[in-house]
Protein chains: 2
Amino acid sequence: MNLGNKHEPTTCQLIGDVLARVGDKWTVFVVRLLADGPMRFNALKRAVDGISQRMLTLTLRGLERDGLVTRTVFPTVPPRVDYALTDLGQTLITMLQGLGAWAIEHRPTIVAARDAYDARRE
Amino acid sequence: MNLGNKHEPTTCQLIGDVLARVGDKWTVFVVRLLADGPMRFNALKRAVDGISQRMLTLTLRGLERDGLVTRTVFPTVPPRVDYALTDLGQTLITMLQGLGAWAIEHRPTIVAARDAYDARRE
DNA sequence: CGGTATCCAGGAAGATACTG
DNA sequence: CAGTATCTTCCTGGATACCG
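Residues numbered from 1 in each chain as written. Chains lettered and ligands numbered in written order. Predicted model: local features only at pLDDT ≥ 70, side-chain atom pairs only at ≥ 80, totals over all residues. Heavy atoms only, no water.

Asker: Outline the packing of helix α1 (residues 11-22) of chain A against helix α5 (residues 87-121) of chain B, supporting the account with residue identities and numerical values.
Answerer: Interaxial distance between α1 of chain A and α5 of chain B falls to 8 Å at its minimum, and their mutual angle equals 90°. In terms of their interaxial angle, α1 of chain A and α5 of chain B are classed as roughly perpendicular. Of the residues in α5 of chain B, those in contact with T11, L14, I15, D17, V18 and L19 of chain A of α1 of chain A are L96, L99, G100, W102, A103, I104 and R107 of chain B. Grouping the amino acids of the contact of α1 of chain A with α5 of chain B by side-chain chemistry returns 9 nonpolar, 2 polar and 2 charged. (Axes fitted to C-alpha atoms, helices over the stretch in contact; angles between N-to-C directions. Helix = DSSP H or I, 4+ residues; strand = E, 2+ residues; numbered from the N terminus. Parallel < 35°, antiparallel > 145°, perpendicular 65-115°, else oblique. Contact = heavy atoms within 4.5 Å. Nonpolar A, V, L, I, M, F, W, Y, C, P; charged D, E, K, R; others polar.)

Asker: Go over the sheet that holds strand β2 (residues 69-74) of chain A, please, and point to the residues and values.
Answerer: Backbone hydrogen bonds hold the strands of a sheet together, and the pairing may be parallel or antiparallel. Residue and element names in this part refer to chain A. The 3 strands are arranged β1-β3-β2 in an open sheet whose pairing can be described as antiparallel. Each edge of the open sheet is held by one strand with a lone partner, namely β1 (39-40) and β2. Note: β1 against strand β3 (residues 80-85), 2 bridges, orientation antiparallel. Pairing of R40 across the sheet is with D82, part of β3. Taken strand by strand, helix α2 (residues 27-34) contacts β1, β2 and β3, and its axis lies near 95° from that of β3. In the packing of helix α4 (residues 53-65) onto the sheet, contacts are made with β2 and β3, and the angle to β2 comes to roughly 110°. (Pairing = 2+ DSSP bridges.)

Asker: Describe the protein's contact with DNA strand C, listing the residues and the values that go with them.
Answerer: Looking at DNA strand C, there are 19 residues lining it, with Q53, R71 and Y83 of chain A together with K25 and R54 of chain B nearest. A share of 62% of the atoms of DNA strand C within 4 Å of the protein falls on sugar and phosphate groups. Take P79 of chain A: an N or O atom from its main chain is 3.3 Å from a sugar or linking oxygen of DNA strand C. At a separation of 3.3 Å, a phosphate oxygen of DNA strand C approaches a polar backbone atom of V81 of chain A. Across the surface near DNA strand C, the residue classes tally to 8 nonpolar, 4 polar and 7 charged. (Near = heavy atom within 4 Å. Polar contact = N/O pair within 3.5 Å; in protein donor to acceptor, adjacent residues only side chain to side chain.)

Asker: Tell me about the protein's contact with DNA strand D, and name the residues and values.
Answerer: Near DNA strand D there are 19 residues, and of these K25 and R54 of chain A together with Q53, R71 and Y83 of chain B occur at the shortest range. A share of 60% is what sugar and phosphate atoms reach among the atoms of DNA strand D within 4 Å of the protein. One of the side-chain N or O atoms of K25 of chain A is found 2.7 Å from a phosphate oxygen in DNA strand D. At 2.5 Å from a phosphate oxygen of DNA strand D is found a side-chain nitrogen or oxygen belonging to R71 of chain B. Put simply, the parts of the chain that give the surface near DNA strand D at least two residues each are α4 of chain A together with α3 (41-47), α4 (53-65) and β3 (80-85) of chain B.

Asker: I'd like a rundown of the packing of aromatic side chains, residues and numbers included.
Answerer: Residue and element names in this part refer to chain A. Scanning the entire structure with this criterion turns up 2 aromatic pairs over all chains. Ring geometry for W26 and F29: centres 6.4 Å apart, planes at 55°, overall tilted. Overall, W26 belongs to the buried group, its relative accessible area being 12%. Positioned above the aromatic ring of F74 is the side chain of R80, whose terminal nitrogen or guanidinium carbon lies 5.0 Å from the ring centre. (Phe/Tyr/Trp six-rings, centres within 6.5 Å; stacked < 30°, edge-to-face > 60°. Buried < 20%, exposed > 50% of the residue type's maximum accessible area, 1.4 Å probe, protein only. Lys NZ or Arg CZ within 6 Å of the ring centre and 35° of its normal.)

Asker: Before we move on, could you go through the nonpolar core and cite the residues and values that matter?
Answerer: Counting 68 residues, the largest nonpolar core has L34, L44, Y83 and W102 of chain A together with L34, Y83 and W102 of chain B as the members making the most contacts within it. Excluding its chain neighbours within four sequence positions, the residues that come into contact with W102 of chain B are V18, L68, L88, T91, L92 and M95 of chain A together with I110 of chain B. (Core = buried A, V, L, I, M, F, W, Y, C linked by side-chain atoms within 4.5 Å.)

Asker: Report on the relation of the copies chain A and chain B, specifying residues and quantitative values.
Answerer: The operation relating chain A to chain B is a screw motion whose rotation component is 180°, with 0.0 Å of axial translation and a residual RMSD of 0.0 Å. In short, the pair behaves as if placed about a two-fold rotation axis. Within chain A, G23 of chain A has its C-alpha nearest the rotation axis, a separation of 2.7 Å. Most of the interface of chain A is mirrored in chain B, where 93% of its interface residues again form contacts. (Least-squares fit on C-alpha atoms with pLDDT ≥ 70 in both.)

Asker: Describe the pairing of strand β2 (residues 69-74) of chain B, with residues and values.
Answerer: Residue and element names in this part refer to chain B. Relative to β3, β2 is paired through 6 bridges, and the arrangement is antiparallel. The residue bridging F74 from the neighbouring strand is R80, located in β3. In this antiparallel pair of consecutive strands, β2 and β3, the connection spans 5 residues.

Laid out in structure tokens, this is it:
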């Protein structure tokens, strides 16, 4: 960890923070789903293929903590909990679209470079 | 958007790939430094505070493999190896600037949300 | 239904030592 | 100088079981 002695974080470190938040295994999927509207816990669990209950909980807690997602409990029986993006969370969508566009545009190049590299080393 | 198709990668998964590449602990720092021009191995090591030789090597190999960075060996004594961004690597810079702008703009909000959350749970 | 609590395996990353 | 090799430690995430 390199938070040095400077009092102001560098842009690099800020980017690092964002990526630490958004760059984990599941966050993008969850945020993307919530972009279309609020969802219940098990709806998310079903929609995000392969996620464990534990990881969904952790992901949602992290997003909630950073003010990107709200958690609303309806005290019914059986209980119901809705998750929804906050305004701040919505702004994330735009950024993710940027990432998505870049990914779509350059993926063929990257795959080709990867294959070439692997062939060279094989 | 449709997420059900399992045969072609969804945008979400593409974004996930990008984040897996760029979202690790050191990549952003290295790319940011190379944005200003080529650098030698030890220059990078000195500039990226706290990185181990091992992790710098791994980071650079990964970037090289994906065609984001070139590795040029000068067969001098002592040896000299320059790393530089490729054109593809340059396009990453723009994206990182987007992330940086988002981070700078919303960081206060996130920190506040985090503090509020922690206070609530404390 | 919507979680927690607990255990465990596997990979990521640090420290250190050695090499062309 | 620019790495590789090895060891170890730490953390992430999966599986499972249980609770309000």
